[in-house]
Amino acid sequence: QYQGLAGRSTNEVLQLYSAHGQQQKLQRSSVVTQLHGAIKKRLKQDLKSLHSFALELSKDFQRQSKTYLYQVLTAVQRIQLQNEAMQMFQIKAFDLERSLLEVTERYEKEKQKRRALHNSLVELRGNIRVHCRIRPLLPFDTAAGHSISQDRQRSFSEKVAYAADDETVLVKCSRPGHASINKTFQFERVYNALESQDTVFADVAPLLTSLLDGYNVCIMAYGQTGSGKTYTMLGPQLEENFAFSIEDESELGIIPRATQEVFRLISEKPPGSYWVEVSVVEVYNNEIFDLLAKDSCGKVFGVKRDVVTTREGKSDVPLLTHETVENASEFLHLVNKGLQLRVRHPTLVHAHSSRSHLVVTLTITTIVSGDNFGTSLEDEQTSQRLNKEVSCTFPQKMRDNKSTSSSRASSPAQLDATEKLKQVKTRLQLVDLAGSECVGMSGVTGAALRETSFINRSLSALADVLGAIAEQRSHVPYRNSKLTHLLQDSVGGDAKLLVMLCISPDQKYLTESMQSLGFGARARQVQRGQVKKKYFPVQSKAK
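Residues numbered from 1 in each chain as written. Predicted model: local features only at pLDDT ≥ 70, side-chain atom pairs only at ≥ 80, totals over all residues. Heavy atoms only, no water.

## Side note on the overall build of the protein
Then, number 1: On a plain count of helices and strands, the protein comes out with 14 helices and 17 strands.
Then, number 2: Split into buried and exposed, the 543 residues of the protein put 42% on the buried side.
Then, number 3: Summed over all atoms, the accessible surface of the protein reaches about 30500 Å², with 54% contributed by carbon and sulfur. (Helix = DSSP H or I, 4+ residues; strand = E, 2+ residues; numbered from the N terminus. Buried < 20%, exposed > 50% of the residue type's maximum accessible area, 1.4 Å probe, protein only. Areas by Shrake-Rupley, 256 points an atom, 1.4 Å probe, with all protein chains shown as cover.)

Right under this line is the structure:
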């Protein structure tokens, strides 16, 4: 392009260069104009597209907003409906809860009425009250004995006995290759493994009121060895001397609690009108031993005694030691002394198995007026005067089982008052029976095996006695065992009798538990006739 400039003048070159520059300028201007037009056109298109997109987006947003708003309104309405329904449910639930509470209260009232009527029926028929206590599973339940088969060891911790309710025991009976069978037993009261000593005694305490109303009372614990009889009757025992501990009052058993209750009831009576004596015996190998007898040095040791039948047909133990006690502490001290002499022997089932039947007897002597014997006293002043005369006429010496001749009143007036006074004796017998025992389970040999034989025979004799009474046989074999001979009056109908069945819930004790439950079910059916009240004066209404 620039080759033709050679040889030309400067002006021509400048003209040519100027013309070329203008031409390029025109070309650039044209390109810019075209580019500007294209950009403007594209911007217009993009702006139009953007406007359309904005419109679509706005429409879509409005549409979705309406949808979401509708959904929100629907959800709010649904929540409002649910709140209203919840309020209705709450009202209905409150009404149902109130109705349930009313029904429960009516049920409890009817239950109490039914129980009161049942107790009245028991009183009229002379039936034996039977309560059942299921102990919890204990550590020694999982210990395998050498004489137990492997099949039984696998089921050591399996619980098969339950308290279905407070009157029903449910037992799951199963055998290999057979379907499980549930058996139920009905009793006056059933205690589960969690119920305390307080709860157990609360159902026993009403019987103690009968004691001061002129009735004999007997409470005995029955069950296989290791089922908790001694714990129920006495409470936890100290390892070193087998006495029961009184430090934790919540753990005290029926015997110490009953004594405390008896003395509490006596404290509400006029002073001097009652005194209490206690005796402690054990039946060991079909022999009766006096656990409060003392030697010439005053040391307590067990002395063999015998049981006889008096002319009136009552059982009696001649020369039996009766110690006078004035409060529960003195009683507990004496019982602990006797317990240290009680025979025990370790077995595979229980490390401190009792090998004898323990019978603790409280004899309450009440002084009443001879003129008003069996009738109501004239007034409170007469009662108080008689009580004062009693306290003067029967001093402590007579209560220590010494002769009363030296304590008689010297004046004629007091002598006449003494002759008009009579004594009424009522007895509370508290019995901790030795446990029935399976030799294969307990693993005993030698002397302990002989003890087991006597224990099982005496318990069988007790079952035979109850069977004879239930069948109303002309002869009841009380004398087949020293135990039944000793308890003849209580078992035979001269006392309100409560049997506290104690059972283990463990599978390995199923056979023994079923035997105990069967004994309780049979005992519950025994009708001994209405228990006779001692010839007791009726206090005047003024009191």
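## So, helix H6 (residues 328-339)
Then, number 1: An ideal rise of 1.5 Å per residue puts 16 Å on twelve residues; H6 measures up with 16 Å between its terminal C-alpha atoms.
Then, number 2: Looking at H6, one finds that the buried residues are Ala328, Phe331, Leu332, Leu334, Val335, Asn336, Gly338 and Leu339.
Then, number 3: The N-capping residue of H6, defined by a side-chain oxygen 3.2 Å from the backbone nitrogen of Ser329, is Asn327. (Expected span 1.5 Å × (residues − 1). Polar contact = N/O pair within 3.5 Å; in protein donor to acceptor, adjacent residues only side chain to side chain.)

## Section: the confidence of the model for the protein
Then, number 1: On average, residues of the protein carry a pLDDT of 79, and 76% of them reach 70 or more.
Then, number 2: Strand S5 (residues 189-191) holds the highest mean pLDDT among the elements of the protein, 94, whereas helix H8 (residues 396-399) holds the lowest, 40.
Then, number 3: The model gives residues 144-150 a pLDDT under 50, and that stretch makes 13 contacts with residues more than four places away or in other chains.
Then, number 4: Note that pLDDT drops below 50 for residues 372-417; the model gives that stretch 59 contacts with residues more than four away or on any other chain. (pLDDT = per-residue confidence, 0-100. Contact = heavy atoms within 4.5 Å.)

## Considerations on the packing of aromatic side chains
Then, number 1: This model, assessed by the stated rule, comprises two aromatic pairs.
Then, number 2: Both rings, one in Tyr222 and one in Phe519, keep their centres 3.9 Å apart while their planes meet at 10 degrees; by these two values the pair is stacked. Taken together, the positions of Tyr222 in strand S6 (residues 216-223) and Phe519 in helix H14 (residues 510-524) put the pair 297 residues apart, joining distant regions of the chain.
Then, number 3: The exposure class of Tyr222 is buried, given its relative accessible area of 1%.
Then, number 4: Considering the side-chain rings of Tyr284 and Phe289, the 6.5 Å spacing of their centres and the 55 degrees angle between planes classify their relative orientation as tilted. (Phe/Tyr/Trp six-rings, centres within 6.5 Å; stacked < 30°, edge-to-face > 60°.)

## What about the sheet that holds strand S2 (residues 161-165)?
Then, number 1: With antiparallel pairing, three strands are arranged side by side in an open sheet as S2-S3-S4. At either margin of the open sheet sits one strand with a lone partner, and together these are S2 and strand S4 (181-186). Between one strand axis and the next, the sheet turns through 30 degrees on average, direction left out of account.
Then, number 2: Of the pairings in the sheet, the one linking strand S3 (residues 168-173) to S4 comprises six bridges and is antiparallel in character. When the bridges of S4 are listed, Val169 appears paired with Phe185. (Pairing = 2+ DSSP bridges. Axes fitted to C-alpha atoms, helices over the stretch in contact; angles between N-to-C directions.)

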